[in-house]
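What the coordinates show
If you want the building blocks of each chain, they are given just below.
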Amino acid sequence: MGKVEEFEELRPLLFSIAYRMLGSVSEAEDAVQETWLRYDASPTTPVSPKAFLSATVTRIAIDVLRSARVRREEYVGPWFPEPLLDDPYEDPERAAELADSVSMAALLLLERLSPLERSVFVLREVFGFGFDEVASAVGRTEAACRQLLVRARRHMHDGRPRFEADRAERRELAARFFDALKGGDVDGLRSVLAADVQMVGDGGGKAPQLARAVVGADSVAKLLAVVIPRMAQVDITFEPHDVNGQPGAVFRDRDGKVLHTLALDIADGRVRTIRSVINPDKLAHLGPVADAWAIHAQVREARRG
């Protein structure tokens, strides 16, 4: 194969690495494009294009992460990753690792790691690269990479829920949640929510969002049972869809434009966290984006009516 064919064959892997590093679809796509430019400009052909390209996209992502720290510290309200509906990379032997590592909860845990810890964890733990390849990618010795991985594993393990649901259980519980959501069924919602459930929104100051997290099954159930029917009055619909590998939904206006996404964290037989991304900058990759402020005004008008 020529360079173009080799690169296109590896593009899904490169994007998946970059997205887990950056939590941003747009930044991951830019990192992959920059990787191609460097590969195309290289005067020599590497022995292993996969190793070369994976190392290149990792180094680019590390640089982006370091420069993004200030922007994220200044971000208005909670910061969530850009929602990913479909991961382009598949590997049957690592299906579980790939699915778990792309969840909103896992990506937020990765945010706690240093750029080097994050890159070592992603390459080794998620994609199964050898320590020699990881060391080459991050410019550290294999011994140093092993130490980075130990620290990263500890941070990731400490932040995970103690009891996790299997995939079939998650889907069954999510179906009950969305059925109750459609009907504005407070009791039905309350029955699938953890007692200490949290509902949090990411608007980035660019769309209406919750002033603070809503906590507790009763509060969350009552709020959802009021808000969703009001949104339906102005023709807002939602379609269940995996979001970052977990049960979720995409909400659209009457013209089919994306209003926001919803992602559910499910563990120990209950919905533990509900995360909504409504920042329009984080939704553009999903298609045309709705005017959230205008819809907010319509909902308030419908409420008065």
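To start, this report covers the structure provided alongside it.

Cut-offs applied
Residues numbered from 1 in each chain as written. Predicted model: local features only at pLDDT ≥ 70, side-chain atom pairs only at ≥ 80, totals over all residues. Heavy atoms only, no water. Helix = DSSP H or I, 4+ residues; strand = E, 2+ residues; numbered from the N terminus. Expected span 1.5 Å × (residues − 1). Buried < 20%, exposed > 50% of the residue type's maximum accessible area, 1.4 Å probe, protein only. Arc of directions from axis to C-beta. Contact = heavy atoms within 4.5 Å. Polar contact = N/O pair within 3.5 Å; in protein donor to acceptor, adjacent residues only side chain to side chain. Salt bridge = Lys/Arg side-chain N within 4 Å of Asp/Glu carboxyl O.

**Details of helix α12 (residues 292-304)**
Here α12 spans 19 Å end to end across 13 residues, near enough to the 18 Å set by a 1.5 Å rise per residue. Of the residues making up α12, those classed as buried are Ala292, Ile295, Val299 and Ala302. Buried residues of α12 fall within an arc of 80° about the axis and therefore sit on the same side. At its buried positions, α12 is contacted by α11 (217-233) and β5 (258-267). Of the residues that open α12, the one with a side-chain oxygen 3.2 Å from the backbone nitrogen of tryptophan 293 is aspartate 291.

**Observations regarding the pattern of salt bridges**
For the coordinates displayed, the defined rule picks out 17 salt bridges. In this structure, glutamate 111 and arginine 118 form a salt bridge, with 2.7 Å as the shortest nitrogen-oxygen distance. As far as the burial class goes, glutamate 111 and arginine 118 line up, both buried. Its salt-bridge partner being aspartate 235, residue arginine 254 comes within 3.1 Å of it at the nearest N-O pair. With arginine 254 in the loop between β4 (248-252) and β5 and aspartate 235 in the loop between α11 and β3 (237-240), this residue pair connects regions lying 19 residues apart in the sequence. By relative accessible area, aspartate 235 is classed as partly exposed at 39%. The network of salt bridges with shared partners includes Asp187, Arg190, Asp218 and Lys222.

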